[in-house]
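Residue strings, one per chain:
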Amino acid sequence: MELTEKQNIFADEYLVDLNATRAYKAAYPRIKSDDTAAAAGARLLRNVKVAEYIQKRMDDRAKRTEITQDKVLRELAKLGFFDIRKLFDENGKPLDIVSLDNETAACIAGLDVMDIYDGSGDDKEFTGYIKKYKVADKLKALELLGKHLGMFKDKVELSGQVDSNNPYAGLTTEELKKLIRDG
């Protein structure tokens, strides 16, 4: 799987952010046009050697990081199907962060804690906390899962035949030209 120096640069740069246009411009700095770089980058991605190299590097990275498509989908599902009631006890009181199970804690995107005091100066006494949980974006997680499952199409697919009442349908180019000349 021997790549040229430029192909190797392109492939390594592509692996940074999966942007073929930027990767092509990094490998071939004289190219300034985004359109040219996009077209050439797309062609390079179809090159068998380049594609095999990129896939091997992605597989190696998945093994090294233990990040797989299945793992990402499981995490998205966890966020998408999270039940907000898991943040509260049976009396409706918010649970302390340390008492949350791992699945619930994974859905927390942020936590703000504010100390509450009564009084002032020497009479100031700590009375409790105000805790604000920020949960992950459930809608975004569901959208990504839906896209993965092919539920939402960005393109409209048309099939079938369009019938029209075109009186010129079936005429050859020469016959059409004759009609135009004869007016």
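For the structure, see preceding data.
Every value quoted in this text rests on a predicted model; they were computed, and no experiment measured them.

(A) Broad picture of the nonpolar core. Ranked by internal contacts, the top residues of the largest apolar core, which has 15 residues, are Phe10, Ala11, Tyr14, Tyr24, Leu44, Val50 and Ile54. At the level of elements, helix 1 (5–17), helix 2 (20–27), helix 3 (34–46) and helix 4 (48–65) are the ones that each hand at least two residues to this core. Aside from chain neighbours lying at most four places away, what touches Ala11 is Val50, Tyr53 and Ile54. In terms of nonpolar packing, the next biggest core, distinct from the first, is built from six residues, Phe82, Leu100, Cys107 and Tyr133 among them.

(B) Here's a closer look at helix 7 (residues 138–148). Along helix 7, the residues classified as buried are Ala141, Leu145 and Gly146. Considered in projection along helix 7, the buried side chains sweep an arc of 135° and stay on one side of the axis. On its buried face, helix 7 is in contact with helix 5 (69–80). At the N-terminal end of helix 7, a side-chain oxygen is found 3.2 Å from the backbone nitrogen of Leu139, two or three residues along, and the residue is Asp137. Phi turns positive one or two residues past the end of helix 7, at Gly150, with a value near 75°.

(C) Structural view of the environment of Asn166. The residue Asn166 is located in the loop between helix 7 and helix 8 (173–182) in this model. Distance in space between the C-alpha atoms of Asn166 and Tyr53 is 53 Å, their sequence separation being 113 residues.

Quick notes on the rules
- Residues numbered from 1 in each chain as written.
- Predicted model: local features only at pLDDT ≥ 70, side-chain atom pairs only at ≥ 80, totals over all residues.
- Heavy atoms only, no water.
- Core = buried A, V, L, I, M, F, W, Y, C linked by side-chain atoms within 4.5 Å.
- Buried < 20%, exposed > 50% of the residue type's maximum accessible area, 1.4 Å probe, protein only.
- Helix = DSSP H or I, 4+ residues; strand = E, 2+ residues; numbered from the N terminus.
- Contact = heavy atoms within 4.5 Å.
- Arc of directions from axis to C-beta.
- Polar contact = N/O pair within 3.5 Å; in protein donor to acceptor, adjacent residues only side chain to side chain.

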